[in-house]
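Working through the structure, step by step
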Amino acid sequence: MSMSKRILVIEDDQSIAELERDYLEIEGFQVEIASDGFSGLEAALSQRFNLILLDLMLPNINGFDLCKQIRQEINIPILIVTAKYEDIDKVRGLGLGADDYIVKPFSPSELVARVKAHLIRYERLIHADNHKEEIFVRGLHINAASRQVFVNGKEVLFTTKEFDLLKFLVKNSNHAFSKEQLYERIWGFDSIGDTATVTVHVKRIRKKIEKDTANPLYIQTIWGSGYRFNG
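The following refers to the structure shown. (Residues numbered from 1 in each chain as written. Predicted model: local features only at pLDDT ≥ 70, side-chain atom pairs only at ≥ 80, totals over all residues. Heavy atoms only, no water.)

Details of the pairing of strand β2 (residues 30–34)
For a regular strand, side chains alternate in direction, first toward one face of the sheet and then toward the other. The condition that has to hold: A pair of strands is treated as paired once DSSP finds two or more bridges between them. Helix numbering and strand numbering both begin at the N terminus, where a helix is a DSSP run of H or I of at least 4 residues and a strand a DSSP run of E of at least 2. Crossovers are marked right-handed if the path from the first strand over the helix to the second runs clockwise, as seen with the strands pointing away from the viewer.
Note: strand β1 (residues 6–10) against β2, five bridges, orientation parallel. In the sheet register, Arg-6 faces β2, and the bridge partner there is Gln-30. With respect to chirality, the unit in which β1 leads through helix α1 (residues 14–26) into the neighbouring parallel β2 is right-handed.

This is the structure we're talking about:
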């Protein structure tokens, strides 16, 4: 799986970038390093990569802005790398469009596991046979084959994980799922990672499909349990 996969590491700390590269190359990945925001953006948009590891604190263009710009153009998995737990609040609040985040210091096994899991899930989604699968729910139209979402006839752009989470909840309408269950189903992890990622994605989805995010019509919060799509 990994031999033909290319990873872009955007990291200004050379020692950390080389460490990430070494971990991933041992697993057979091809890795390119960009050491600042400008070169990272240029590489991401001009070359073909399967996944991006993106540090938040970068020269020229910071990781927040860089993630937004990359996500507007390409839809491959983006994993935010941050050195501080405090930065994660910023990631949640800004809704950057990243698929997940990993906090330094992390173990080689955690880094590799995250990368592999995101690549496997992304490949499955891209190659899945979703022909003729369309879902209509009270003004919400989901086209699984084209991976498009329409709200009252107007197309709304979704990231890969936003689409996957919405589709899963819709296809399992009226069933409550815990954040842990959703994280495992959509992100592919059972113990590593932070289920706050689910909360972030639900908030972003609500902003895109709900008229009133404080009183959601579609995705309801089940206090103490998780979330449920009101079908």
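We are not done yet, so read on.
Describing the environment of Ile-142
Rules: When accessible area is computed with a 1.4 Å probe and restricted to protein chains, residues below 20% of their type maximum are described as buried, those above 50% as exposed, and intermediate ones as partly exposed.
Within the fold, Ile-142 resides in strand β7 (residues 140–143). With a relative accessible area of 1%, Ile-142 lands in the buried category. Separated by 10 residues in sequence, Ile-142 and Asn-152 place their C-alpha atoms 11 Å apart.

Regarding the packing of aromatic side chains
Selection criterion: For Phe, Tyr and Trp, rings pair up if their centres lie within 6.5 Å, where Trp contributes its six-membered ring, and each pair is then called stacked (planes under 30 degrees apart), edge-to-face (over 60) or tilted (otherwise). A ring is considered to have a charge above it if a Lys NZ or an Arg CZ atom is located within 6 Å of its centre and within 35 degrees of its normal.
In the structure shown here, the tally under the stated rule is three aromatic pairs. Residues Phe-168 and Phe-177 carry aromatic rings whose centres are separated by 4.8 Å and whose planes lie at 55 degrees to one another, so their mutual orientation is tilted. Take Phe-168 and Phe-177: they sit in the same class, and that class is buried. Between the aromatic rings of Tyr-218 and Phe-229, the centroid separation amounts to 5.8 Å while the plane-to-plane angle is 20 degrees, which identifies the pairing as stacked. Taken together, the positions of Tyr-218 in the loop between α8 (196–209) and β10 (219–222) and Phe-229 in strand β11 (residues 226–229) put the pair 11 residues apart, joining distant regions of the chain. One residue, Lys-208, lies across the ring of Phe-158, its end atom 5.0 Å from the ring centre.

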